[in-house]
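Residues per chain, in single letters:
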Amino acid sequence: RHLADYVLVWSTSYGGMSGDDVAKSPHMAKIAGSVYSDINASQFYRSSPGHPSDMMKDSVVYNLVHFRLNDTIPTNHFRTDPNTQELK
């Protein structure tokens, strides 16, 4: 719905700490759900062992925080060179 040239995300989970943007993203989903009816915040969570829900796995924040750090996150849908129009 919005276009952005850059997105900055905060990640601390690979440093052994919590409190990164993925930890805050359920709150962001609640805010977005109050504006957009197609966002159901109750479907946006991590289970007790830390596994993300399907909706969280599909989120931009989750994918960006884990980009190139988690082998299960595909890297072919992010443009890594801002000077090109094609995805790498």
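Quantities reported herein were computed from a predicted structural model and do not represent experimental measurements.

1. Quick word on the overall build of the protein chain
Looking only at helices and strands, the protein chain features 3 helices and 0 strands. Of all 88 residues assigned to the protein chain, the portion counted as buried reaches 22%. Considering only contacts within the protein chain whose residues lie at least 6 apart along the sequence, 30% involve residues at least 24 apart. Carbon and sulfur atoms make up 54% of the accessible area of the protein chain, which amounts to about 6,800 Å² in all.

2. Quick notes on the confidence of the model for the protein chain
The predicted model of the protein chain averages 78 in pLDDT, with 74% of residues at 70 or higher. Across the protein chain, element-level confidence peaks in helix H2 (residues 54–57) with a mean pLDDT of 89 and bottoms out in helix H3 (residues 60–65) with 83.

3. Focus: helix H1 (residues 21–35)
Between its terminal C-alpha atoms H1 stretches 20 Å, which fits the 21 Å expected from 15 residues at 1.5 Å a residue. A maximum bend of about 30° is found in H1 at His-27. Where H1 is buried, its residues touch H2 and H3.

4. Topic: the nonpolar core
In this structure, Val-22, Ala-29, Phe-44, Met-56, Tyr-62 and Val-65 together form the largest nonpolar core, which totals 6 residues. Every element with two or more residues in this core is listed here: H1 and H3. When sequence neighbours within four positions are dropped, the list of residues in contact with Phe-44 reads Ser-25, Pro-26, Ala-29, Ser-53, Met-55, Met-56 and Ser-59.

5. A closer look at the pattern of salt bridges
Taken as a whole and judged by the stated rule, the model has 1 salt bridge. Lys-57 is the salt-bridge partner of Asp-54, the closest N and O atoms lying 3.9 Å from each other. Highlighted residues: Asp-54 and Lys-57, both in helix H2, separated by 3 residues, approximately one helical turn. Taking the relative accessible area as the measure of exposure, Asp-54 reaches 58% and is therefore exposed.

6. Notes on the environment of Pro-26
As for its placement among the helices and strands, Pro-26 is situated in helix H1. Residue classification places Pro-26 among the partly exposed residues on the basis of a relative accessible area of 23%. Each C-alpha atom of the pair Pro-26 and Ala-41 lies 6.8 Å from the other, and the pair is 15 residues apart in sequence.

Calculation notes
Residues numbered from 1 in each chain as written. Predicted model: local features only at pLDDT ≥ 70, side-chain atom pairs only at ≥ 80, totals over all residues. Heavy atoms only, no water. Helix = DSSP H or I, 4+ residues; strand = E, 2+ residues; numbered from the N terminus. Buried < 20%, exposed > 50% of the residue type's maximum accessible area, 1.4 Å probe, protein only. Contact = heavy atoms within 4.5 Å. Areas by Shrake-Rupley, 256 points an atom, 1.4 Å probe, with all protein chains shown as cover. pLDDT = per-residue confidence, 0-100. Expected span 1.5 Å × (residues − 1). Bend = angle between axes of the 7 residues up to and from the residue. Core = buried A, V, L, I, M, F, W, Y, C linked by side-chain atoms within 4.5 Å. Salt bridge = Lys/Arg side-chain N within 4 Å of Asp/Glu carboxyl O.

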